[in-house]
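Listed here are the chains, written in short residue letters.
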Amino acid sequence: MSLIAVERRGPIEIWTLDRAERLNALPDLDDGEAFARACEAANADSEVRCVILTGAGRAFSAGGDLTAMRDKRDLFQGGGADLRQAYRRVVHRIVRALYGLEVPLIAAVNGPAMGLGCDIAGLADLRLASTQARFGVPFLKLGIVPGDGGAWLLPRNVGYVRAAEMLFTGRSIDAETALEWGLINRLTTPESLMDEALALAGEVAAQPPHALRMAKALLRQGRDVNFDQMLEMTAAMQALAHLTEDHAEGVAAVLEKRPATFTGR
């Protein structure tokens, strides 16, 4: 069974981590390929405008499989060189694939998101969480460090001192604290989580698809380039956007005081 169950609703895809019996623990050895395949397919499909990522059962993802760590099997077998390559081949492939997803990603965090699960949620552009969600990065409690890029990602999501508190103490935070800290956009009841995620995805998917992908690229690249570099990228992408039919439709819709219909041309 594939890790990711994919459901299509018009321009929106719903990806469900489908390993409920193990609290959607990650990663098995083929999980890097599963994420890469899903992201590559979405990137190549011009009809996909937004993706929602959630978990089956009562967890979003419990993170690493502790029994596999204890037994030194699957990802965690072999010597230091073997482990390094396993992390690069599996864990890093997961986070690189999600970071490279061209369309907006919404995390609908239905339950605990721990370790790699927390950092996967943190890779989403928009994050909703039910009141049953918790977030934690308990790597130090296991005698290890974030092997998934989380030490780069988490301070960008909640700020350095809050990221340091989460990492150095190993304590998890509840959904209310995650909202206060800016880790999530919105808090929902468990029953309304997917409805609210779909409503938000519908708003996102209503935008012009080419400009939407370019806007996401600018936001992501803006983390790591200087202002002059950003202006140059903006000028190039803006020139392309001005030449689309969707731009003409957007201007006409505003002037005519009607909703725009964007076609991706």
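Residues numbered from 1 in each chain as written. Predicted model: local features only at pLDDT ≥ 70, side-chain atom pairs only at ≥ 80, totals over all residues. Heavy atoms only, no water.

Turning our attention to the overall build of the protein chain. A count of helical and extended segments in the protein chain gives eleven helices and nine strands. Summarising its shape, the C-alpha atoms of the protein chain cover approximately 65 × 40 × 40 Å along the three principal directions. In the protein chain, buried positions account for 46% of the 265 residues. Across the protein chain, contacts joining residues at least 24 apart in sequence account for 66% of those joining residues at least 6 apart. Element-wise, carbon and sulfur atoms account for 57% of the exposed surface of the protein chain, whose accessible area totals about 13,200 Å². Of note, the protein chain has its 29 positive side-chain charges centred 4 Å away from the centre of its 34 negative side-chain charges. (Helix = DSSP H or I, 4+ residues; strand = E, 2+ residues; numbered from the N terminus. Buried < 20%, exposed > 50% of the residue type's maximum accessible area, 1.4 Å probe, protein only. Contact = heavy atoms within 4.5 Å. Areas by Shrake-Rupley, 256 points an atom, 1.4 Å probe, with all protein chains shown as cover. Lys, Arg positive; Asp, Glu negative; His and termini not counted. Charge placed at Lys NZ, Arg CZ, Asp CG, Glu CD.)

As a further point, take the packing of aromatic side chains. Across all of its chains, the model carries one aromatic pair by this definition. Consider the rings of Tyr-99 and Trp-152, whose centres lie 5.9 Å apart with planes at 80°: the pair is edge-to-face. With Tyr-99 in helix α3 (residues 80-99) and Trp-152 in helix α5 (residues 150-158), this residue pair connects regions lying 53 residues apart in the sequence. Trp-152 sits in the partly exposed class, given a relative accessible area of 33%. (Phe/Tyr/Trp six-rings, centres within 6.5 Å; stacked < 30°, edge-to-face > 60°.)

Let's shift gears to the pairing of strand β2 (residues 12-17). Looking down a regular strand, the side chains alternate between one sheet face and the other. Extensive coverage of β2 is indicated by the burial of six of its six residues. Going residue by residue along β2, you find Ile-12, Ile-14 and Thr-16 tucked away on one face and Glu-13, Trp-15 and Leu-17 tucked away on the opposite face as well. Strand direction decides the pairing type here: strand β1 (residues 4-9) and β2, joined by six bridges, are antiparallel. Bridge pairing in β2 links Arg-9 to Ile-12. In sequence, β1 turns back onto β2 through a hairpin of two residues, with Gly-10 there showing a positive phi of about 65°. Taken together, β2, helix α1 (residues 31-44) and strand β3 (residues 50-55) form a β-α-β motif whose crossover is right-handed. (Pairing = 2+ DSSP bridges. Right-handed = clockwise from strand over helix to strand, strands pointing away.)

Most of β3 sits out of view: six of its six residues are buried. Judged by which residues are buried, β3 turns out to be covered on both faces: Cys-50, Ile-52 and Thr-54 on one side and Val-51, Leu-53 and Gly-55 on the other are all buried. Pairing geometry for β2 and β3, over six bridges, is parallel. Following the sheet pairing, Ile-12 is matched in β3 by Cys-50. Judged from the three bridges that link them, β3 and strand β4 (residues 105-109) form a sheet pairing that is parallel.

It is worth spelling out α1 at this point. Over its 14 residues, α1 runs 20 Å from end to end, which matches the ideal 20 Å to within 8%, given 1.5 Å per residue. Along α1, the residues classified as buried are Asp-31, Gly-32, Ala-34, Phe-35, Ala-36, Ala-38, Cys-39 and Ala-42. Against β1, β2, α3, α4 (116-122) and α9 (209-221) lie the buried residues of α1. (Expected span 1.5 Å × (residues − 1).)

So, on to the sheet that holds strand β5 (residues 112-114). Spatially, β5-β7-β8 is the arrangement adopted by the three strands of the open sheet, whose pairing is mixed. Pairing within the sheet leaves two strands with one partner each, and these edge strands are β5 and β8 (173-174). In terms of strand pairing, β5 meets strand β7 (residues 134-136) through three bridges, oriented parallel. Across the sheet, residue Pro-112 finds its bridge partner in β7, namely Arg-134.

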